[in-house]
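Next come the chains, spelled out residue by residue.
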Amino acid sequence: MNIWIAIIGTAVGCYAVKLAGLLVPAHAVERPYVRRLAALLPVALLAALTAQQTFADGHALMLDARAAGLGAAAVALLLRAPFLLVVAAAVVVTAGLRAIGG
Amino acid sequence: MTQHIALTDQTADGMKKPDAAVVRDALGVGVAVGLSGFAFGVTSAGSGLGLLQTCTLSLLVFTGASQFALVGALAAGGNPFTAAAGAFFLGVRNAFYGLRLSQLLALPRAVRPLAAQWVIDETTAVTLAQPTRRAARIGFTVTGLSLYALWNLTTLLGALGAEAIGDTRAWGLDAAGPAVFLALLAPMLKTATERAVAGLAVLLGLGLLPVLPAGVPVLVAALAAPLALVAESRRGGRADGDAPDGPPGPDGRRAPKDMGGTSGAEEGR
């Protein structure tokens, strides 16, 4: 039930902001500060999420095969690999390390 | 690609772009990113969501970063409200894409509620890269349609596949989520301000993890954004100029995901 609450809440919220962008007159929100904040918010959220999902195990921090997988993804990004290849690199390296080391 | 001679009504410097070229660009992005719905389906199922829940997310939420964030937060044991809040804040950027798109596409009011669901990173990138309104409309529609159809289909396949696979961790699939986030984040890290925000958010997100309830550290980490803006204005380095129309990355073809930068311009310092 809790999961459904989260799903419906996210769906309604995300659709509402999409629609708002199409309906609201541009000048109402096109202030430099608001625009900058809107651009920086995803940066902060994505950075925190990347770090957490790589190093978190419940409430503890840990270094495991995921970190190597993320490193592989970073290398793929630096080599300007396509999106799918970046994700595949992370998955393959993580799986490979776990297969070797457990 | 190279058209030296414009035979028909095309102007010399490619002000008009053949419809086929627009469709090709749009399909390139739509197919490449649409296929990554597979990673979401697998991740979501691996996080403990059911098939119906996973597919509902792709059908109704349809903005990748928010979907990954939500299932990640739920898997970590976050309560539904903090999990949804994190996903929602990630989706707020779509409102700013919508502002741009509504000017470019000039959609009739009746169509807007339908078009709204497709207002995401990729459709915005492709649409902004088009030279004319006709091309923009074709680009938006083809990218939106192909991406929506494929994303939902591959979500279903991924969720079914995960059930067949069993332990998704053994296959390294728990690394797919963070890799997706990193791929979205990388093209946004253009200036010192963005890198500072990312660094501070990582510190807050990891540092608070042991002491705050699941899901909350990410929300606190979001404060890195306004903090950086305050610090920036204190230093007097104003960013008003901020290129009001700096398109979020002209090459819709590469950088498949989030072009993120409504802050397209750098404040060169």
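Cut-offs applied
Residues numbered from 1 in each chain as written. Chains lettered and ligands numbered in written order. Predicted model: local features only at pLDDT ≥ 70, side-chain atom pairs only at ≥ 80, totals over all residues. Helix = DSSP H or I, 4+ residues; strand = E, 2+ residues; numbered from the N terminus. Rg over C-alpha atoms; globule rule 2.2 N^0.38 Å. Buried ≥ 20, exposed ≤ 12 C-beta atoms within 10 Å, placed from the backbone. Axes fitted to C-alpha atoms, helices over the stretch in contact; angles between N-to-C directions. Parallel < 35°, antiparallel > 145°, perpendicular 65-115°, else oblique. Left-handed = near helix turned anticlockwise from the far one by under 90°. Contact = placed C-beta atoms within 7 Å. Nonpolar A, V, L, I, M, F, W, Y, C, P; charged D, E, K, R; others polar. pLDDT = per-residue confidence, 0-100. Domains from an automatic or database assignment. Expected span 1.5 Å × (residues − 1).

Draft legend 1. Region of interest: the overall build of chain A. Summing up its helical and strand segments, chain A has four helices and two strands in all. In sequence order, chain A lays out its α and β elements as α-α-β-β-α-α. Relative to the 2.2 N^0.38 estimate, which gives 13 Å for 102 residues, the radius of gyration of chain A is 19 Å and therefore markedly larger than a compact globule would have. Along the three orthogonal principal directions, the C-alpha set of chain A runs to about 55 × 40 × 25 Å. Here chain A holds 102 residues, and 49% of them are scored as buried.

Draft legend 2. Structural view of the overall build of chain B. Helix and strand counts for chain B come out as 13 helices and zero strands. Element order for chain B, N to C, with α for helix and β for strand: α-α-α-α-α-α-α-α-α-α-α-α-α. In chain B, buried positions account for 55% of the 269 residues.

Draft legend 3. Representation of the packing of helix α1 (residues 2-23) of chain A against helix α4 (residues 64-75) of chain B within the structure. Running from amino to carboxyl end, α1(A) crosses α4(B) at an angle of 155°, the nearest separation of the two axes being 11 Å. When the interaxial angle is binned, α1(A) and α4(B) end up roughly antiparallel. Considering the relative orientation of α1(A) and α4(B), their crossing is right-handed. Here Ile3(A), Ala6(A), Thr10(A) and Cys14(A) of α1(A) lie close against α4(B), whose contacting residues are Ser66(B), Leu70(B) and Leu74(B).

Draft legend 4. Fine view of the interface of chain B and chain A. Each side of the interface is counted separately: chain B has 92 residues, and chain A has 66 residues. Among the residues making up the side of chain B that touches chain A, the classes are represented as 64 nonpolar, 20 polar and eight charged.

Draft legend 5. Inspection of the confidence of the model for chain A at higher detail. Across chain A, pLDDT averages 90, with 96% of residues at or above 70. The element-level mean pLDDT for chain A is lowest in strand β1 (residues 56-57) of chain A, coming to 88, with helix α3 (residues 65-78) of chain A highest at 96.

Draft legend 6. Structural view of the environment of Gly144(B). All names here are of chain B. By the secondary structure assignment, glycine 144 is in helix α9 (residues 133-165). For glycine 144, a count of 23 C-beta atoms within 10 Å translates into the label buried. Contact partners of glycine 144, with chain neighbours within four places excluded, come to Trp118 and Thr123.

Draft legend 7. Spatial organisation of the domain arrangement of chain B. All names here are of chain B. For chain B, the assigned domains read domain 1 (19-176) and domain 2 (189-236). A straight line from the C-alpha centre of domain 1 to that of domain 2 covers 25 Å. On the domain 2 side, the residues contacting the ten residues of domain 1 number six residues. Looking at which element gives the most residues to the side of domain 1 that touches domain 2, the answer is helix α5 (residues 80-91), with five residues. Here the side of domain 1 that touches domain 2 is composed, by residue class, of five nonpolar, five polar and no charged.

Draft legend 8. Focus on the packing of α4(B) against helix α10 (residues 176-185) of chain B. Residue and element names in this part refer to chain B. The N-to-C vectors of α4 and α10 enclose an angle of 145°; their axes lie 10 Å apart at closest approach. Our pair here, α4 against α10, has a crossing hand that is left-handed. Along the contact surface, α4 presents Gly64, Ala65, Phe68 and Gly72, while α10 presents Gly177, Val180, Phe181 and Leu184. Tallied by class, residues from the contact of α4 with α10 come to five nonpolar, three polar and no charged.

Draft legend 9. Summary view of the environment of Val34(A). Tracing the sequence through the fold places Val34(A) in helix α2 (residues 32-55). Val34(A) sits 39 residues away from Ala73(A) along the chain, and the two C-alpha atoms are 32 Å apart.

Draft legend 10. Summary view of helix α2 (residues 37-46) of chain B. For α2(B), a buried count of ten out of ten residues is recorded, marking the element as mostly surrounded by other parts of the structure. Listed as buried for α2(B) are Gly37(B), Phe38(B), Ala39(B), Phe40(B), Gly41(B), Val42(B), Thr43(B), Ser44(B), Ala45(B) and Gly46(B). For α2(B), the secondary structure elements touched by its buried residues are α4 (83-101) of chain A together with α1 (19-35), α3 (51-61), α4, α9 and α10 of chain B. Backbone geometry just after α2(B) places Gly48(B) at a positive phi near 100°.

Draft legend 11. Summary view of unusual backbone geometry. Residues and elements named next belong to chain B. Phi at phenylalanine 62 takes a positive value of approximately 45°, unusual for a residue other than glycine. Secondary-structure assignment places phenylalanine 62 in the loop between α3 and α4. Positive phi, close to 45°, is recorded for alanine 106, a residue that is not glycine. The topology assignment puts alanine 106 in the loop between α6 (93-105) and α7 (112-116).

Draft legend 12. Structural view of helix α11 (residues 192-207) of chain B. Here α11(B) is 16 residues long and its end C-alpha atoms lie 22 Å apart, about the 22 Å a rise of 1.5 Å per residue gives. All of the buried residues along α11(B) are Thr193(B), Glu194(B), Val197(B), Ala198(B), Leu200(B), Ala201(B), Val202(B), Leu204(B) and Gly205(B). Structurally, α11(B) contributes buried residues whose contacts are with α2 of chain A together with α10, α12 (216-221) and α13 (224-234) of chain B.

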